[in-house]
2 protein chains.
Amino acid sequence: MLEHALAIAQTNWDRYLEDFKQLLSIPTVSADPVFKADVRRTAEWILSEMQRIGLHNCRLLESAGHPAVYGEWLEAGPQKPTILMYAHYDTQPVDPLELWETPPFESAVRDGRLYARGAIDDKAGVHVNLKAVETILAADGALPANFKFFFEGEEESGSPSMTGIIQQNKELLRSDLFVVSDGGCEEDQPYVLTSVRGIVGAEVRVRGPVRDLHSGSYGGVVLNPAHIVATIIASIYREDGRIQIPGYYDAVRPLTKVEPGAEWIDERDLTLAHRDTGLEKEELWGLDGYSYNQRQTALPTFDVNGLYSGYQGVGMKTIIPAEAGFKASMRLVADQDPRDIAEKFSAYVKSFERLGAKIDVTLKGAGWAVQCLEDGPVIEAIQQSYVATYGRPAILYRQGGSVPLLGIIHAELGTPITNLGFGNGQNGHSPNEFVFLKYLQLDLQTALHFYYNISMRLKPAGGR
Amino acid sequence: MLEHALAIAQTNWDRYLEDFKQLLSIPTVSADPVFKADVRRTAEWILSEMQRIGLHNCRLLESAGHPAVYGEWLEAGPQKPTILMYAHYDTQPVDPLELWETPPFESAVRDGRLYARGAIDDKAGVHVNLKAVETILAADGALPANFKFFFEGEEESGSPSMTGIIQQNKELLRSDLFVVSDGGCEEDQPYVLTSVRGIVGAEVRVRGPVRDLHSGSYGGVVLNPAHIVATIIASIYREDGRIQIPGYYDAVRPLTKVEPGAEWIDERDLTLAHRDTGLEKEELWGLDGYSYNQRQTALPTFDVNGLYSGYQGVGMKTIIPAEAGFKASMRLVADQDPRDIAEKFSAYVKSFERLGAKIDVTLKGAGWAVQCLEDGPVIEAIQQSYVATYGRPAILYRQGGSVPLLGIIHAELGTPITNLGFGNGQNGHSPNEFVFLKYLQLDLQTALHFYYNISMRLKPAGGR
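Just so we're clear, the structure is a prediction, and the values are computed from it rather than from any experiment.

A. The overall build of chain A, seen in detail. Counting its regular elements, chain A contains 13 helices and 19 strands. The C-alpha atoms of chain A give a radius of gyration of 24 Å, which matches the 23 Å a tight globule of 464 residues would have. Expressed along its principal axes, the backbone C-alpha trace of chain A runs to roughly 80 × 50 × 45 Å. The buried share of chain A, taken over its 464 residues, is 62%. Taking the contacts inside chain A whose residues are at least 6 apart along the sequence as the reference set, 79% of them involve residues at least 24 apart. Of the roughly 17000 Å² of accessible surface on chain A, 51% is carried by carbon and sulfur atoms. Looking at chain A, you have 43 positive and 60 negative side-chain charges, and the mean spots of the two groups are 4 Å apart.

Printed below as a string of structure tokens:
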């Protein structure tokens, strides 16, 4: 029963935290091949935890990339729904390393915060779900419904193997509800995601002369690849925020513009934006005529994530660089097809190729924008849980970010999707990522409430 | 008389060579503080040679760095011109030492070549001028005009003290003609430099949000510094090669365009360009309507030397970078003032600053373009000398690179400049530097011809 489970969670909190620190101590940067063995080590650590706490049929779902980890408990019978809890165990890279106050893979507690890469995004999601299971099985010897656990290892590098893993494990992953345990509360305010933007990632390389050249001897007679890169980016970006790739907006659902003179940003968004960016209200930017929230969640973007060419050290080195390049992410909205946008981007960038400047475009992942549950028994179960723990319901929100997996789930399994995240802290993609310890504890209570609530409210629809 | 001098040079060749070996035996690496005492020992050796051969007013011109050496012979009277011969007695470093077949500061003769660091660049310039004086004074008891000798000790480390030395010795260094004895012939083909481009170096940094941001959460609402950097570069660069900084061409001397249909690149330039760049003829680039040589030497440039922002590692990191930047070199031509161009560049770049994107411009050195003599009595005197010794005139060439020293002479003294170098060999900046002995002997003859020829052809203009 819930009360018993809550008491057990309380009693075991210190031990649970030590387990979390173990999970955080393994470097799990999925984007960097250097960490390949460590990512697998993380998966194996999770697998052995699943077995230890009493999940069944535990296994690694192998792929060409990093494995996913699967476990289940399906003894609740066909009258009970089957709920799949998803989280990702991989993390962002750590650069710039020198800005971390303590090493990113050595958990450090300061002022009630636990600092480590992955502390919120999204090892918290893995940890809290495992501890919810461990707690309820300790309390009741059974879970209140059928649960599946599916923890991905490639979310931060665009989930490249996920389509294959899901296609090969369709039956295993079938359920009545797909719960994304990523994101979550911000201090005392819970949030539940109701839509995500899609994404196309790409890298562009421009190659000119075979080697770096003396800028005196060859300045004026050799095309500079860095200039071509700049020209491509500058021709896509326009100061008013409208992206100049031909056909880019063709499939975007029309939005109602903000009334002239009406407020275009609310107090909460402004506070958050100022905290994260250091920018003042008038320094924020975006497509003219639309609200901050529309720009952030319902309009597509183009952003350079990285830019490189030639000499970047101290002082000067007067060269024409042999090559230049950039990485970019495009955030998509319904109904943009990521394959279509990727093709349009590639074709447009390639149109800048000319004599003396060869251009390669490499696509780095693509995902659909997705609409999640906005109301009904699932949202009620979530709100009931949050009211019990945080004392208030979650704010339902659309997200500017992307979860490529969701598009794949939607296309391959057709499962209704919701969101219940347990990473309550800051800096998920920046140095000094941390989780608030008191909220981590509260989120375990939220999970316990949710496991019981959803088991009562959701009717099985033949899933499993 | 010339004939007598040539005979004396012939008779004394072996002794002259021994003196050269003495000069070459002192390590004179100006860039490395380890050799500081040796560099001074070289200067003192030259000073005592000047005194021995009969120059007057010999002295070291001290600076915060290495001293220059000065000597003069001004007994030819006011009807004769005053010619200043410049060379540099310091050398390049010797690394990688293990690639030298014999020690760099022990002269070794093999196959008609004298191997030693400085054998061509530029102790040959010091040596040949001193021996020309010694020879003519032995032949005639007088020089045919007024001559000053100014040998620098910091050329290979960027001439940091040169502005100060010249400013403190303006009267001493005044003359009708400044002859740079550096460079010279390549085997049987003489070369004379007639222009160098100037330079302005700069670094630009654009700062946006206080930290890297998640491109999902902030894509569409925060201005991306990498886009601003791209916009700046793309707005300066134009595909036709014309630089878009307002006023950039205001002071550029007009050039005659290439006739439509005429050849715009010669065989020698094409061969060299292909070897260095790997590009084919049609892949070369530049300002429309001008020849390759004009683009390379007589038109100004803007080139990004380095470009940086955000994530440059393997894979993707979906961020909006907090900052972006670039380093650039601008090669200038006569009569562009580097301070003026630096100001125009800074003002233009700063005009891209806007709410949410702060821009800093840091200047990284500046130097004038210099137009040396291209025709007239000085060039005639040089060509007459080369025809007499090498059997052919020199190729007059413009250089796309920059020589800060020439810019300093131009700015501080305003003396007409020409070039007559005596280092005919190879590997001036590489291991196994050597001079061809037969050409070293021929270059002493060239010097003797030049001393007499210039004395007859050049009229004094009140210099001294």
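And the narrative resumes.
B. Looking closely at the environment of Asp 111 of chain A. Along the chain, Asp 111 of chain A falls in the loop between β4 (108-110) and β5 (113-115). Separated by 20 residues in sequence, Asp 111 of chain A and Thr 91 of chain A have C-alpha atoms that sit 23 Å apart.

C. Molecular detail of the pairing of strand β2 (residues 68-73) of chain A. Residue and element names in this part refer to chain A. Counting buried positions along β2 gives six out of six residues, so the element sits mostly inside the fold. Burial along β2 is two-sided: the residues Ala 68, Tyr 70 and Glu 72 and Val 69, Gly 71 and Trp 73 are all buried. The hairpin turn running from strand β1 (residues 56-61) into β2, its antiparallel successor, is six residues long. Two strands pair when backbone bridges link them, and β2 and strand β6 (residues 146-152) are joined in this way by five bridges, in the antiparallel orientation. Bridging from a neighbouring strand, Glu 72 pairs with Lys 148 of β6.

D. Summary view of the interface of chain B and chain A. Between chain B and chain A, the residue contacts involve 79 residues of the former and 86 residues of the latter. Connecting chain B to chain A are four salt bridges. With a closest N to O distance of 2.2 Å, Arg 354 of chain A and Glu 239 of chain B form a salt bridge. In this structure, the connection of chain B to chain A is made through 46 residue pairs in polar contact (both at pLDDT 80 or more).

E. Local environment of the pattern of salt bridges. The full count for this structure, using the stated rule, is 66 salt bridges over all chains. A salt bridge links Arg 40 of chain A to Glu 62 of chain A, with the nearest nitrogen and oxygen atoms 2.6 Å apart. Here Arg 40 of chain A, found in helix α3 (residues 36-53), pairs with Glu 62 of chain A, found in the loop between β1 and β2; they are 22 residues apart in sequence, far enough to count as distant. Under the relative-accessibility criterion, Glu 62 of chain A is labelled partly exposed at 40%. Asp 360 of chain B is the salt-bridge partner of Arg 207 of chain B, the closest N and O atoms lying 3.1 Å from each other. With Arg 207 of chain B in strand β9 (residues 198-207) and Asp 360 of chain B in strand β14 (residues 358-367), this pair connects stretches of sequence that are 153 residues apart. By relative accessible area, which is 32% here, Asp 360 of chain B ends up partly exposed. It is possible to trace a salt-bridge network through shared partners that takes in Arg 15, Asp 19, Glu 49, Arg 52, Lys 131 and Glu 134 of chain A.

F. Structural context of the packing of aromatic side chains. Under the criterion given, the structure shown has 34 aromatic pairs over all chains. Aromatic side chains Phe 436 of chain B and Tyr 439 of chain B sit 5.7 Å apart centroid to centroid with 85 degrees between the ring planes, which places their arrangement in the edge-to-face category. In this structure Phe 436 of chain B comes out as buried when scored by relative accessible area, which is 10%. Tyr 439 of chain B sits in the buried class, given a relative accessible area of 10%. Through successive ring pairs, a cluster of aromatic residues spans Tyr 115, Tyr 386, Tyr 390, Phe 434, Phe 436 and Tyr 439 of chain A. Above the face of the Tyr 115 of chain B ring, Arg 110 of chain B is positioned so that its terminal group lies 4.0 Å from the ring centre. One residue, Arg 242 of chain B, lies across the ring of Tyr 249 of chain B, its end atom 4.1 Å from the ring centre.

G. Structural context of the packing of helix α2 (residues 13-24) of chain A against helix α13 (residues 437-457) of chain A. Residue and element names in this part refer to chain A. The interhelical angle for the contact between α2 and α13, taken along N-to-C directions, is 105 degrees, at an axis separation of 12 Å. Between α2 and α13, the angle is such that the two are roughly perpendicular. Residues Trp 13, Tyr 16, Leu 17 and Phe 20 of α2 pack against Leu 437, Leu 440, Gln 441 and Leu 444 of α13. Of the residues contributing to the contact of α2 with α13, the split by class is seven nonpolar, one polar and no charged.

H. Layout of the nonpolar core. Residues and elements named next belong to chain A. Ile 46, Phe 151, Phe 450 and Tyr 451 are the most contacted members of the largest nonpolar core, which has 80 residues in total. With eleven residues, the single largest contributor to this core is α13. Every residue in contact with Ile 46, bar those within four places of it in the chain, is listed here: Leu 23, Val 69, Tyr 89, Val 126, Leu 130 and Phe 151.

I. View of the side chain of His 227 of chain B. With respect to the element layout, His 227 of chain B can be found in helix α7 (residues 225-236). Using a relative accessible area of 2% as the deciding quantity, one classes His 227 of chain B as buried. Among the polar contacts made by the side chain of His 227 of chain B, one reaches the main-chain amide nitrogen of Val 304 of chain A at a distance of 3.1 Å. Contact partners of His 227 of chain B, with chain neighbours within four places excluded, come to Ile 233, Tyr 237, Phe 302, Asp 303 and Val 304 of chain A.

J. Expanded view of the environment of Leu 173 of chain B. Along the chain, Leu 173 of chain B falls in the loop between α5 (162-168) and β7 (177-180). For Leu 173 of chain B and Ile 83 of chain B, which are 90 residues apart along the polypeptide, the C-alpha to C-alpha distance reads 9.7 Å.

K. Quick peek at the sheet that holds β1 of chain A. All names here are of chain A. The strand order β1-β2-β6-β3-β7-β17 describes an open sheet built from six strands, whose pairing is mixed. With partners counted over all chains shown, the strands left at the sheet margins are β1 and β17 (417-419), one partner each. Within the sheet, the average angular offset between the axes of one strand and its neighbour, ignoring direction, is 20 degrees. Direction of pairing for strand β3 (residues 82-88) relative to β6: parallel, over a ladder of seven bridges. Bridge assignment links Thr 82 to a residue of β6, and that residue is Asn 146. Those strands touched by helix α12 (residues 404-412) are β3, β6, β7 (177-180) and β17, and its axis lies near 180 degrees from that of β7.

L. Representation of the sheet that holds strand β15 (residues 370-371) of chain A. Residues and elements named next belong to chain A. The three strands lie next to each other as β15-β8-β16, forming an open sheet whose pairing is mixed. Strands at the two margins of the open sheet, each flanked by one partner only, are β15 and β16 (395-398). Relative to strand β8 (residues 191-196), helix α11 (residues 377-389) is tilted by about 150 degrees, and along the sheet it contacts β8 and β16.

M. View of the environment of Arg 331 of chain B. Here Arg 331 of chain B shows up in strand β13 (residues 323-332). Within the structure, the side chain of Arg 331 of chain B is placed 3.4 Å from the side chain of Thr 318 of chain A, a separation counted as a polar contact.

N. Looking closely at helix α8 (residues 267-277) of chain A. Within the sequence span of α8 of chain A, burial applies to Asp 269, Leu 270, Ala 273, Asp 276 and Thr 277 of chain A. Buried residues in α8 of chain A, looked at end-on, bunch into an arc of 140 degrees, giving them a common side. For α8 of chain A, the elements touching its buried residues are α9 (292-297) of chain A together with β10 (213-214) and α6 (215-218) of chain B. Phi turns positive one or two residues past the end of α8 of chain A, at Gly 278 of chain A, with a value near 75 degrees.

O. Fine view of helix α3 (residues 36-53) of chain B. All names here are of chain B. A rise of 1.5 Å per residue sets the reference length of α3, with its 18 residues, at 26 Å; its end C-alpha atoms lie 26 Å apart and thus fit the reference within 8%. If you follow the buried residues of α3, they end up packed against α2 (13-25), β1 (56-61), β2 (68-73), α4 (123-140) and β6 (146-152). Once α3 finishes, Gly 54 follows within two positions and takes phi at roughly 110 degrees, a positive value.

P. Structural context of the side chain of Ser 175 of chain A. The residue Ser 175 of chain A is located in the loop between α5 (162-168) and β7 in this model. Only 3.1 Å separates the side chain of Ser 175 of chain A from the backbone oxygen of Leu 177 of chain A, close enough to count as a polar contact.

Q. Structural detail: unusual backbone geometry. Residue and element names in this part refer to chain A. Between Asp 121 and the following residue, Asp 122, the backbone shows a cis peptide bond with an omega angle of 0 degrees. For Asn 57, which is not a glycine, the phi torsion comes out positive at approximately 55 degrees. Following the sequence through the fold, Asn 57 ends up in strand β1.

Scoring rules and cut-offs
Residues numbered from 1 in each chain as written. Chains lettered and ligands numbered in written order. Predicted model: local features only at pLDDT ≥ 70, side-chain atom pairs only at ≥ 80, totals over all residues. Heavy atoms only, no water. Helix = DSSP H or I, 4+ residues; strand = E, 2+ residues; numbered from the N terminus. Rg over C-alpha atoms; globule rule 2.2 N^0.38 Å. Buried < 20%, exposed > 50% of the residue type's maximum accessible area, 1.4 Å probe, protein only. Contact = heavy atoms within 4.5 Å. Areas by Shrake-Rupley, 256 points an atom, 1.4 Å probe, with all protein chains shown as cover. Lys, Arg positive; Asp, Glu negative; His and termini not counted. Charge placed at Lys NZ, Arg CZ, Asp CG, Glu CD. Pairing = 2+ DSSP bridges. Salt bridge = Lys/Arg side-chain N within 4 Å of Asp/Glu carboxyl O. Polar contact = N/O pair within 3.5 Å; in protein donor to acceptor, adjacent residues only side chain to side chain. Phe/Tyr/Trp six-rings, centres within 6.5 Å; stacked < 30°, edge-to-face > 60°. Lys NZ or Arg CZ within 6 Å of the ring centre and 35° of its normal. Axes fitted to C-alpha atoms, helices over the stretch in contact; angles between N-to-C directions. Parallel < 35°, antiparallel > 145°, perpendicular 65-115°, else oblique. Nonpolar A, V, L, I, M, F, W, Y, C, P; charged D, E, K, R; others polar. Core = buried A, V, L, I, M, F, W, Y, C linked by side-chain atoms within 4.5 Å. Arc of directions from axis to C-beta. Expected span 1.5 Å × (residues − 1).

That's the geometry; what it means functionally is another story.
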